[in-house]
Amino acid sequence: MVFNIIHSILRDLLDLLNTNFAQAIILIITACITWVIYKKQRQQTVKEAAAILVLQLDNMKNNFHKANQCVLPNNSFDVEKVWSVPYIFSSDLWEKYRQVLFTELSETEIKDINTFYEHATILNQQIEAFHNMIYATNEKFYLERMMKDSIPEYIKPHYRTSGIHQYTFKTHCEKAISIENRLPLDRLKDIAKGYNKKRGGK
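Once a new chain begins, its residue numbering starts again from 1 and follows that chain's sequence as written. Owing to the predicted nature of the model, reporting of local features is limited to residues with pLDDT of at least 70; listing and counting of side-chain atom pairs is limited to 80 or more, with chain, interface and lining totals taken over all residues. Side-chain figures throughout are based on the complete set of non-hydrogen atoms in the structure, without hydrogens or water.

A few points about the overall build of the chain
- Put simply, DSSP H or I for four residues or longer makes a helix, DSSP E for two residues or longer makes a strand, and each gets a number counted from the N terminus. The number of helices and strands found in the chain is 7 helices and 0 strands.
- Buried means the residue's accessible area, taken with a 1.4 Å probe over protein chains only, is under 20% of the maximum for its type, while exposed means over 50%, and partly exposed covers the values in between. Going through the 202 residues of the chain one by one, you find that 35% of them count as buried.
- Whether two residues are in contact is decided by their heavy atoms, any of which lying within 4.5 Å being enough. Sequence-distant contacts in the chain: of pairs separated by 6 or more residues, those separated by 24 or more amount to 79%.
- Taken as a whole, the chain presents about 13,100 Å² of accessible surface, with 59% of it coming from carbon and sulfur. To be clear on the numbers: accessible area is Shrake-Rupley with a 1.4 Å probe, and residue cover counts the displayed protein chains and nothing else.

Set out below in structure tokens:
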């Protein structure tokens, strides 16, 4: 009688242990598979973000150089060049992908990219302000500009902005150009290809 009771208890306990063990194994396997999938997706996201950012940074470098040609030696704007110069960027992709790439770059590299985009944001504001000034000041100019790709001679003398705008424009162009060689483009290209060296710097 007692033996049967003990046997029954031991059998139930063994069944319970077996069930929990099996569930634990399944849980571990599921967790491992989930981690592998997450890791691969994370790596792909990082690679894509790095590739996209390289393209934008290269394009921004070119646009900074174009914008830098808009201020003449006498510190006045070349109106036609300012009108036709492209925005430094159309959308801030660094803001979009910063968190994705944060652990892949050093503190110094992140700081340089931040600074580069800060200059770009200010230049974009200057270009937009210049366009808005033209639209608001002379509607006739706007209508003519829509019909042909040049600025009428009689319009040019009427478009002069204050020295502070020219100084701001020129200063941020030059500062951005001065740090473009510090941008971690090679590091980002390595990341985009799927391999990344150990983070350097602070």
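Don't stop here, the text continues.
Looking at helix 3 (residues 93-101)
- Of all the positions in helix 3, only Leu 93, Trp 94, Tyr 97, Val 100 and Leu 101 are classed as buried. Along the long axis of helix 3, the arc covered by the buried residues comes to 120 degrees, so they all point the same way. Turned more than 90 degrees off the buried face of helix 3, the exposed positions are Glu 95 and Gln 99.
- Nitrogen and oxygen atoms within 3.5 Å of one another constitute a polar contact, given that in protein one can donate a hydrogen and the other can accept it, and given that sequence-neighbouring residues count only through two side-chain atoms. In this structure Asp 92 caps helix 3, since a side-chain oxygen of it lies 3.1 Å from the backbone nitrogen of Trp 94. The reported arc concerns the directions from the helix axis to the C-beta atoms and nothing else.

Some points on helix 7 (residues 185-193)
- For helix 7, every residue scored as buried is listed here: Leu 185, Arg 187, Leu 188, Asp 190 and Ile 191.
- Phi turns positive, to about 105 degrees, at Gly 194, one or two residues after helix 7.

Some remarks on the nonpolar core
- Within the largest apolar cluster, 40 residues are counted, with the highest numbers of intra-cluster contacts made by Leu 57, Leu 101, Phe 169 and Leu 188.
- Of all the secondary structure elements, the ones that give two or more residues to this core are helix 1 (2-68), helix 2 (79-84), helix 3, helix 4 (107-137), helix 6 (163-179) and helix 7. For this analysis, a nonpolar core means a set of buried residues of the types Ala, Val, Leu, Ile, Met, Phe, Trp, Tyr and Cys, connected via side-chain atoms within 4.5 Å.

A few points about a nonpolar patch on the surface
- Each patch is assembled from residues with relative accessible area greater than 30% and no salt bridge, linking like charges that lie within 9 Å and nonpolar side chains (Val, Leu, Ile, Met, Phe, Trp, Tyr) that lie within 5 Å. The salt bridge criterion pairs a side-chain nitrogen of Lys or Arg with a carboxyl oxygen of Asp or Glu, the two atoms within 4 Å. On the surface, Trp 35, Val 36 and Tyr 38 cluster together into a nonpolar patch covering about 340 Å² of accessible area.
- In this fold, Trp 35 is placed in helix 1.

A short note on the pattern of salt bridges
- Tallying each qualifying case throughout the model produces 4 salt bridges.
- Residue Arg 182 pairs with Asp 112 through a salt bridge whose shortest N-O separation is 3.3 Å. Of this pair, Arg 182 sits in the loop between helix 6 and helix 7 while Asp 112 sits in helix 4; the two residues are 70 residues apart in sequence, bridging distant segments of the chain.
- Of the residues examined, Asp 112 reaches a relative accessible area of 8% and is grouped as buried.
- A salt bridge links Lys 170 to Glu 174; the shortest N-O distance between them is 3.9 Å. Placement of the pair is Lys 170 and Glu 174 together in helix 6, with a separation of 4 residues, close to one helical turn.
- The exposure class assigned to Glu 174 is partly exposed, which follows from its relative accessible area of 42%.

Brief notes about the environment of Phe 116
- Looking at the secondary structure, you find Phe 116 in helix 4.
- The exposure class of Phe 116 is buried, given its relative accessible area of 0%.
- Measuring from C-alpha to C-alpha, the distance between Phe 116 and Leu 57 comes to 9.0 Å, with 59 residues separating the pair along the chain.
- In contact with Phe 116, not counting residues within four places along its chain, are Leu 57, Met 60, Lys 61, Phe 64, Ala 176, Ile 179, Glu 180 and Leu 183.

Here's the deal with the confidence of the model for the chain
- The pLDDT value expresses, per residue, how confident the predictor is, ranging between 0 and 100. Per-residue confidence for the chain gives a mean pLDDT of 77; residues scoring 70 or more make up 66%.
- Looking at the elements of the chain, mean pLDDT is at its lowest for helix 5 (residues 139-147), recorded as 55, and at its highest for helix 3, recorded as 95.
- The low-confidence segment residues 154-164, where pLDDT is below 50, has 17 contacts with residues more than four positions distant or belonging to other chains.

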